[in-house]
Amino acid sequence: GENVGLHLPTLSVQEGDNSIINCAYSNSASDYFIWYKQESGKGPQFIIDIRSNMDKRQGQRVTVLLNKTVKHLSLQIAATQPGDSAVYFCAENPGGGSNYKLTFGKGTLLTVNP
Amino acid sequence: KAGVTQTPRYLIKTRGQQVTLSCSPISGHRSVSWYQQTPGQGLQFLFEYFSETQRNKGNFPGRFSGRQFSNSRSEMNVSTLELGDSALYLCASSFTGTGGEGYTFGSGTRLTVV
């Protein structure tokens, strides 16, 4: 697909399993974090977000965990389905004077096997 | 409601030429952000416009420029194209420009420089 690159970490899971996708962010001053899903031929699509004053947030089948001490984010997808196959990106908003931009991680390719 | 529209969808240009890409935001959105996506570098922020003003700029050479019109539509221009400019160019529209659920990406323009 258009968004599959040579340098992407990959995760392959069986349908029905839980998936955990990890992301290390770079800026300790970042105060807002977002997970995006990108399917082939499409732009990134919002999944879930979390502010720096929280360490966990749950959505429908997804949970985001934030560990500010080690600058780490994770996205947990419960009961993974074939339709979850995509590239997943974390993004951080640096805040302050750079509030109107997002810095994206490299992405993880998730493949769900039926 | 209509999504973010990027035109053209695909483009092939020769080295040294210039190119203009267009982004029509969701109705009511005044912020338009542009990103370059390549396999090697991932998603990188180019610039963000709000009400015709550039509020943030990424780390790209001056060959990359943009503008926003009074109807919030935005264009980006790349002059003196190089092979390395081959990429998927994505725009995102939103009310605030800070990311999150209302930050909606288009499907992108695939630029190939030969």
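Provided above is the structure to which this section pertains.
Conventions adopted
- Throughout this document, residue positions are counted from 1 along each chain, in the order its sequence is written.
- Written order determines the labels here, with chains lettered from A and ligands numbered from 1.
- Given that this is a predicted model, residues contribute local features only at a pLDDT of at least 70 and side-chain atom pairs are listed and counted only at 80 or more, while totals for whole chains, interfaces and linings are drawn from all residues.
- With hydrogens and water stripped out, all remaining heavy atoms of the structure feed into the side-chain values.
- Where helices and strands are cited, they refer to DSSP runs of H or I of at least four residues and of E of at least two residues respectively, numbered from the N terminus.
- Computation of the radius of gyration draws on C-alpha atoms alone. For the globule rule, the value is 2.2 Å times the number of residues to the power 0.38.
- Note on areas: Shrake-Rupley with a 1.4 Å probe; residue coverage comes only from the protein chains shown.
- Only four residue types enter the charge count: Lys and Arg as positive, Asp and Glu as negative, with His and the chain ends excluded.
- By convention, the point assigned to a charge is CZ for Arg, NZ for Lys, CD for Glu and CG for Asp.
- Each pair of strands is called paired provided DSSP finds at least two bridges between the two strands.
- Axes here mean lines fitted to C-alpha atoms, for a helix over just the part in contact, with angles spanning 0 to 180 degrees between N-to-C directions.
- One side-chain nitrogen of Lys or Arg within 4 Å of one carboxyl oxygen of Asp or Glu is enough to make a salt bridge.
- Throughout this description, buried means an accessible area under 20% of the type-specific maximum (1.4 Å probe, protein chains only), exposed means over 50%, and partly exposed covers the range between.
- By definition, residues are in contact when any of their heavy atoms lie within 4.5 Å.
- As a working definition, buried area equals the accessible area (1.4 Å probe) given up by two parts on being put together, with both sides summed.
- In this classification, the charged set is Asp, Glu, Lys and Arg, the nonpolar set is Ala, Val, Leu, Ile, Met, Phe, Trp, Tyr, Cys and Pro, and all remaining amino acids, among them Gly, are polar.
- By convention in this document, the label disulfide applies to cysteine sulfur atom pairs within 2.5 Å.

**Some remarks on the overall build of chain A**
Next, step 1: From N to C terminus, chain A includes 0 helices and 10 strands.
Next, step 2: Scanning chain A from its N terminus toward the C terminus, one meets helices and strands in the order β-β-β-β-β-β-β-β-β-β.
Next, step 3: In terms of overall dimensions, chain A is globule-like: its C-alpha atoms have a radius of gyration of 14 Å, near the 13 Å expected for 114 residues.
Next, step 4: Along the longest, intermediate and shortest principal axes, the C-alpha atoms of chain A span 45 × 30 × 20 Å.
Next, step 5: Counting only carbon and sulfur atoms, one obtains 47% of the accessible surface of chain A, whose full area is about 5,600 Å².
Next, step 6: Of note, chain A has its 10 positive side-chain charges centred 6 Å away from the centre of its 9 negative side-chain charges.

**Focus on the sheet that holds strand β1 (residues 5-7) of chain B**
Residues and elements named next belong to chain B.
Next, step 1: In spatial order, the strands read β1-β3-β8-β7; together these 4 strands make up an open sheet with antiparallel pairing. Two strands lie at the open edges of the sheet, namely β1 and β7 (64-68), each paired on one side alone. Geometrically, the sheet is characterised by an average inter-axis angle of 15° between neighbouring strands, direction not taken into account.
Next, step 2: Across 5 bridges, the pairing between β7 and strand β8 (residues 74-78) is antiparallel. Pairing of G66 across the sheet is with M76, part of β8.

**Some points on the sheet that holds strand β5 (residues 56-58) of chain A**
All names here are of chain A.
Next, step 1: One open sheet holds the 4 strands; their spatial order is β2-β7-β6-β5, and the pairing between them is antiparallel. Strands at the two margins of the open sheet, each flanked by one partner only, are β2 (19-24) and β5. Strand-to-strand twist across the sheet, computed as the mean angle between neighbouring axes with direction ignored, equals 15°.

**Structural notes on the pattern of salt bridges**
Next, step 1: In this structure the tally under the stated criterion is 9 salt bridges over all chains.
Next, step 2: In this structure, E39(A) and K37(A) form a salt bridge, with 4.0 Å as the shortest nitrogen-oxygen distance.
Next, step 3: Between R63(B) and D85(B) there is a salt bridge whose closest N-O contact spans 2.8 Å. In this pair, R63(B) is assigned in the loop between β6 (53-57) and β7 and D85(B) in the loop between β8 and β9 (87-94), connecting sequence segments 22 residues apart. D85(B) matches R63(B) in its accessibility class, with the two residues each being buried.
Next, step 4: Residues joined by salt bridges that share partners form a network here, namely K37(A), E39(A) and K42(A).

**What to know about the interface of chain B and chain A**
How big an interface is tends to be expressed through the accessible area that disappears when the partners come together.
Next, step 1: Of the residues lining the interface, 26 residues belong to chain B; the matching set on chain A comes to 25 residues.
Next, step 2: Of the roughly 2,000 Å² buried between chain B and chain A, counting both surfaces, carbon and sulfur atoms make up 53%.
Next, step 3: Of all residues in chain B, the largest losses of buried area upon contact with chain A belong to L43(B), N56(B) and T98(B), amounting jointly to 25% of the total for that side.
Next, step 4: At the boundary of chain B and chain A, one finds 0 salt bridges.
Next, step 5: For the side of chain B that touches chain A, the elements supplying multiple residues, two or more each, are β4 (31-38), β5 (42-50), β6 and β9 of chain B.
Next, step 6: Residue composition of the side of chain B that touches chain A, grouped by class: 9 nonpolar, 12 polar and 5 charged.

**Description of the state of the cysteines**
All names here are of chain A.
Next, step 1: Applying the stated criterion across every chain yields a total of 2 disulfides over all chains.
Next, step 2: Paired through a disulfide, C23 and C90 show a sulfur-sulfur distance of 1.6 Å. Linking C23 in strand β2 with C90 in strand β8 (residues 86-93), this pair joins segments that are 67 residues apart in sequence.
Next, step 3: The exposure class of C23 is buried, given its relative accessible area of 8%.
Next, step 4: Under the relative-accessibility criterion, C90 is labelled buried at 7%.

On their own, these measurements won't tell you what the molecule is for.
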